[in-house]
Amino acid sequence: LYAADAALAVADEASALPEATGDARSFRDLILAKLTYAVGKDPIVARDHDWLRALSLALRDRIVDRWMATTRGVYRMGGKRVYYFSLEFLIGRLLKDGLNNMGLLGTAREALASVGVDLDVIAELEADAALGNGGLGRLAACFMESMATVGVPAYGYGIRYENGLFRQNIIDGWQTESPENWLAYGNPWEFPRREVAYEIGFGGAVEASEGWDGSAVHAWKPAETVLAVAHDTPVVGWRGLRVNTLRLWSARSPDPISLDAFNAGDHIGALTARTKAESISRVLYPADSTPAGQELRLRQEYFFTSASLQDLVRRHLKQHREIRTLAQKAAVQLNDTHPAIAVAELMRILIDIHAMSWADAFALTRDTISYTNHTLLPEALESWPVPLLERLLPRHMQIIYAINARVLTEARAAGATDAMIAAVSIIDEGHGRRVRMGNLAFVGSHKVNGVSALHSELMKETVFRDLNTVFPGRITNKTNGITPRRWLMTANPGLAGLLRETIGEGFLDDAEKLVALEPFARDPGFQERFAAVKHANKARLAKTIQQTLGLRVDPAALFDVQVKRMHEYKRQLLNILETIALYNAIRTHPEKDWVPRVKVFAGKAAASYTSAKYIIKLINDVAKMVNTDPAVRNLLKVAFLPNYNVSLAEVIIPAADLSEQISTAGMEASGTGNMKFALNGALTIGTLDGANVEMRDHVGADNIFIFGLTAAEVEARRAKGLNPRANIEADPALAEVLDAVGSGVFSPADPQRHRGTVDNLTNSDWFLVTDDFTSYSAMQRRIDALWGTPAAWREKAILNVARMGWFSSDRTIRDYSDEIWGLPTVKVG
Ligand code: CJB
């Protein structure tokens, strides 16, 4: 091979390069062949990006072999497939995860070393695929990996956004947004399938006629058509045993250009229709828990839902010939309400295209679909104005009315009162007639799940109280999980290596085997090694902080971390206010034995979310003052790292000592960051919210720091009327902090800057920051005390790692398979 010879010549010259052996040698040859023939570069002049592409393509070849074997096997078995419908897949980088799952990490490292390339250096160049906003999107990515791991034949269906989540820049402490461009260097993982394209209609009218038996037949004649073109990415499971498909749709115009307009000299106008069509898959909506409310968003939702349903129905008919068996062969999981229009679209396909009766079609739809709810926040419950739906999807609006009429009849028969009828109705008559997508998803599903035990119970009492009465037993819980391949093995190779040496390899295949670590929790020798791994991870994060912020932090300090989307209910504000209280205390009592802390924050605010942006600014204002104040003598540092994403999370999480999970109880549906931190040996300070509750049950109440009001207490206080002024009066430290912030101590150039934030806390405080401040602060001081006894701290940290196995997304997927999808799973390893 010419390329190999050339590279070897290079290697010869640099005689210090190690020789590759065995598998590494053949993998090196594959990489060199890719570099030469697919990238078109001579190894002598290849740059890091070229090596990255060559390596990715080499790995992809190996994955594709398994992919085809899996796909063929699934077809031959003729069993059920899962279709995970999600508007978001926050997958991040794929190279290291793919290498790890294929067992090629060491091989690739050696192969590259033999040609003078450092795997870690080129891996950093891979774009971070941010096709999601936060937890919901990352959950979908973890689920895809776990489905491949536990042997659930699955397709993920979503949108191939050309621009993922915006880049966050911090300029003078303020967040600004710029477009993200993950496809700039191409995407080595995807296979465009130009031949797999579906027509997606919008607008127009419905023509009704009489069928052969006198029944009404409806034909929708859309005014506009857009093409959905498939792009497939293989998703490889642990040990490379099975590979599933992530199929993302890209929008194309059926008419790329209006030649008449072009020839008439209107060169821009000739492209208008195309631009409009393609705008559907242009950009991910930067909305997290707040509805975008734009027509384009509804178009995106229908676009990917319709394409996905058309695709799976086609696959089903091709293999099984008979539409009536759909629910036996296909389970459609709706990730939040974003694809809820699937209920009406599947009904349309079954009735209008396959001529099914209403009753049969509805039974089949319900048996096929299930729905996951991710939030109780009222502003996040999607609803669309009836006139908009009528205009954009006229046939679907008819179907929704018809579904609703039957649901309301059913509800009446079950004894529903007028108030209950109003609550279960798909149409909200109270706010200018809107279609409630949550209710549509609920009535069209056989199971509706929440994402933690607490959240699922609250669903029954709040958003879906009356629907739960009319359809008892439909709501179920599936506590979220995280994939330990990405969040332990590849993000924290130091810890994974130590665990392998200590308890063997069993935990790699079954995370619950991490319990074997328990006997080592108090072992001084093991504690030392465990602490050394943590220290190395902290040194790495310290380097990142130095490089991005020019701030020096000491890896020996307590690293106290809150990273997640910026949201008032997540209460980054509580954290920074307590940080200020600590700052004040250090200044007042410099003689005390303070524990050195580094406060790390990262997270994006939705572009339109003003109060969240002010919280970012406040954190940065505080950082500026604290970090340069000689009086604090390095006892406190504050770092806000810009542009939080999956790759940054992989650096931050393994380096944390303390994980902040401090949402107002009852408001965080589950959280998944909380699980990632604990699995990596951080202790949690948190409220009894979301999955924190179950984490406490698993790790033990002694090994987690729970403070603050419970969900029931929060509700009671809100019902009685909040009284932030009384809270502030009762805690002088809090009063001092609010005085300082409100009067501009941290913003001397603009003293009024944070007045609004303080006024809001003083006058309303919907998120109960002032109610929980005192207990939060007290808990932080207890944490300081524990830090002073390293053996006790380490014991708890090790027990967290040992007991977090249950939170593997493999367990979550097994639960979905058993209780919602009706599918078998396999043991790994
Ligand atoms: N979640 O990320 C989002 N976006 C939303 O619009 C609504 C909810 C989050 O989903 C995660 C996965 O279930 C949860 O862990 C998290 O609590 C929730 O906020």
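Everything quoted here is computed from the prediction, not taken from an experiment.

Asks: In this structure, what is going on with the site of the ligand? I would like to understand it.
Replies: The local shell around the ligand holds 16 residues, among which Leu136, His374, Asn480, Glu668 and Gly671 are the closest. In isolation the ligand has 420 Å² of accessible area, and contact with the protein removes 94% of it. The class makeup of the residues in the shell around the ligand is five nonpolar, nine polar and two charged. When residues of the shell around the ligand are assigned to domains, at least three map to each of domain 1 (70-480 + 814-821) and domain 2 (501-807).

Asks: Looking at this model, I keep getting lost on the domain arrangement of the protein. Mind explaining?
Replies: Accessible area lost upon the coming together of the parts serves often as the stated size of an interface. Splitting the protein by domain gives domain 1 (70-480 + 814-821) and domain 2 (501-807). For domain 1 and domain 2, the distance between their C-alpha centroids amounts to 34 Å. Taking both sides of the interface into account, the surface hidden between domain 1 and domain 2 amounts to around 3100 Å²; carbon and sulfur atoms contribute 55%. Of all residues in domain 1, Gln168, Trp174 and Leu454 bury the most surface against domain 2, accounting for 19% of the area lost on that side. Glu177 serves as the salt-bridge partner of Lys613, at 2.7 Å between the closest nitrogen and oxygen.

Asks: Explanation requested: helix H3 (residues 48-77) in the structure shown.
Replies: In an α-helix, one turn spans 3.6 residues, which is why side chains three or four residues apart end up on the same side. Relative to the 44 Å expected for 30 residues at 1.5 Å per residue, H3 spans 43 Å between its end C-alpha atoms, a close match to the ideal helical length. Positive backbone phi, approximately 65 degrees, marks Gly78, located one or two places after H3.

Asks: I tried to follow the pattern of salt bridges on my own but got confused; where do I start?
Replies: Considering all chains together, one arrives at 58 salt bridges under this definition. Two residues, Asp120 and Arg109, come together in a salt bridge whose shortest N-O distance is 3.0 Å. Of the two residues, Asp120 is situated in helix H6 (residues 119-123) and Arg109 in helix H5 (residues 105-113); the sequence distance between them amounts to eleven residues. The class for Asp120 is partly exposed, based on a relative accessible area of 33%. Note on Arg109: relative accessible area 34%, which makes it partly exposed. Salt bridges sharing common partners tie together Asp560, Glu578, Arg597, Lys599, Glu660, Arg781 and Asp784.

Asks: How should a nonpolar patch on the surface be read in this particular structure?
Replies: On the surface, Ile257, Leu259, Phe262 and Leu271 cluster together to form a nonpolar patch covering roughly 320 Å² of accessible area. Note that Ile257 resides in the loop between strand S11 (243-252) and helix H8 (259-263).

Asks: Just to check I follow, could you spell out the packing of helix H23 (residues 524-549) against helix H34 (residues 790-803) for this structure?
Replies: In a packed pair of helices, the relevant descriptors are the angle between the two axes and the axis-to-axis distance. Between H23 and H34, the shortest axis-to-axis distance is 10 Å and the interhelical angle comes to 80 degrees. The angle between H23 and H34 places the two elements in the roughly perpendicular class. Along its contact with H23, which presents Phe526, Gln527, Glu528, Phe530 and Ala531, the element H34 presents Ala791, Arg794, Glu795, Ala797, Ile798 and Val801. Its residues placed into classes, the contact of H23 with H34 shows seven nonpolar, one polar and three charged.

How each quantity is defined
- Residues numbered from 1 in each chain as written.
- Predicted model: local features only at pLDDT ≥ 70, side-chain atom pairs only at ≥ 80, totals over all residues.
- Heavy atoms only, no water.
- Near = heavy atom within 4 Å.
- Areas by Shrake-Rupley, 256 points an atom, 1.4 Å probe, with all protein chains shown as cover.
- Nonpolar A, V, L, I, M, F, W, Y, C, P; charged D, E, K, R; others polar.
- Domains from an automatic or database assignment.
- Buried area = accessible area lost by both parts, 1.4 Å probe.
- Salt bridge = Lys/Arg side-chain N within 4 Å of Asp/Glu carboxyl O.
- Helix = DSSP H or I, 4+ residues; strand = E, 2+ residues; numbered from the N terminus.
- Expected span 1.5 Å × (residues − 1).
- Buried < 20%, exposed > 50% of the residue type's maximum accessible area, 1.4 Å probe, protein only.
- Patch = residues over 30% accessible without salt bridge, like charges linked within 9 Å, V, L, I, M, F, W, Y side chains within 5 Å.
- Axes fitted to C-alpha atoms, helices over the stretch in contact; angles between N-to-C directions.
- Parallel < 35°, antiparallel > 145°, perpendicular 65-115°, else oblique.
- Contact = heavy atoms within 4.5 Å.

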